[in-house]
Amino acid sequence: MSENLLPYVFVLFGLGLFCLLTQRNLIKLLVGLELLGKATTLAIVWSGVLRNTPDYAQSLALMVIAIEVMVVAIFLALINAFHQKSQNLDTDDLRRLKG
Amino acid sequence: MTYLTMAFLILFAVLAILLPSTLMSVLSLAAVSALLSIVFFQLGAPVAGVFELSVGAGLITVLAVLTISFIQARKVKKQIRTELWIVASFAAAALFFFIFNSLSPWVSPSSVPPVNWGAVGEVLWRLRAFDLLPQALVILSAVLGILVLLRPEKVETP
């Protein structure tokens, strides 16, 4: 496989990081978290292709995706619970939960 | 071909971040997942591709859209006609078909690496049996956490 996907992995990871650092909406933060996970999954699969161990890489990718779903489900449940308390999705209101 | 798919993937990732509507943002993320699964197929990892397509583009999108519909009130002040959405969807699908079909001469069946479907299961259940159980416990504890988070609040009666 001659394609070099490393720049794309870094761009995707950077986009996820940018989203996490700049956005204040909780759903947008979830999108950023997902982009980080997708960049990681792509890096795992691509490294398996490079090292000619695609089966092992795919088994790792499956586990990463499964854990990713659980993270998303917990995040959405937290969003739901937070919205019931504050009626919005702004992370600035989360500061009231400190202490 | 992989580069083109990755370019579309990056485009939809940027859209997912920049679009003001959270629903459109989540749908763009679903497009990112679908394109990522295409990349996995092109890299010779179809098991990961199928999983990403069904879970990433399917389950996560459904969960996110359901949550958004639960927590956000529907706005009816600016409603776009349904016919326009149908025409736009067909136009987008035709554009994607044209782009990928025009690039198909560069992709031959011999360029796709052979895949051993059973080998992934072999690695997962034999080689990685040690960490599979703890990860299953992590998922179980996450399920319990979600149940705790979503339980209805007790109403105290005076």
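For the structure, see preceding data.
Reading the values: rules and limits
- Residues numbered from 1 in each chain as written.
- Chains lettered and ligands numbered in written order.
- Predicted model: local features only at pLDDT ≥ 70, side-chain atom pairs only at ≥ 80, totals over all residues.
- Heavy atoms only, no water.
- Phe/Tyr/Trp six-rings, centres within 6.5 Å; stacked < 30°, edge-to-face > 60°.
- Helix = DSSP H or I, 4+ residues; strand = E, 2+ residues; numbered from the N terminus.
- 1 Å grid on protein atoms, 1.4 Å probe; cavity = no way out; pocket = protein on both sides within 12 Å on 5 of 7 lines; lining within 4 Å.
- Points joined across faces, edges and corners; volume = space filled by probe spheres on them.
- Nonpolar A, V, L, I, M, F, W, Y, C, P; charged D, E, K, R; others polar.
- Salt bridge = Lys/Arg side-chain N within 4 Å of Asp/Glu carboxyl O.

On to the packing of aromatic side chains, then. All chains considered together, the criterion is met by 1 aromatic pair over all chains. Aromatic pair Tyr 8 of chain A and Tyr 3 of chain B: ring centres 5.9 Å apart, planes at 25°, arrangement stacked. In this pair, Tyr 8 of chain A is assigned in helix 1 (residues 6-22) and Tyr 3 of chain B in helix 1 (residues 2-18), connecting two distinct chains.

The tally for this structure, following the rule as stated, stands at 1 cavity of 30 Å³ or more. Considering the residues around the largest cavity, the lining is formed by Leu 30 and Val 31 of chain A together with Val 26, Leu 29, Ile 60 and Ala 64 of chain B. Elements with a contribution of two residues or more to the lining of the largest cavity: helix 2 (26-50) of chain A together with helix 2 (22-42) and helix 3 (46-71) of chain B. Of the residues in the lining of the largest cavity, the class split is 6 nonpolar, no polar and no charged.

Opposite charge on two side chains allows them to pair when their charged atoms are near. Using the criterion set out here, one finds 3 salt bridges over all chains in the structure. Between Glu 34 of chain A and Lys 38 of chain A there is a salt bridge; the shortest N-O distance is 3.3 Å. With Glu 34 of chain A and Lys 38 of chain A both in helix 2 and 4 residues apart, the pair spans about one turn of that helix. Among the charged side chains, a salt-bridge network with shared partners connects Glu 34, Lys 38 and Glu 68 of chain A together with Glu 52 of chain B.

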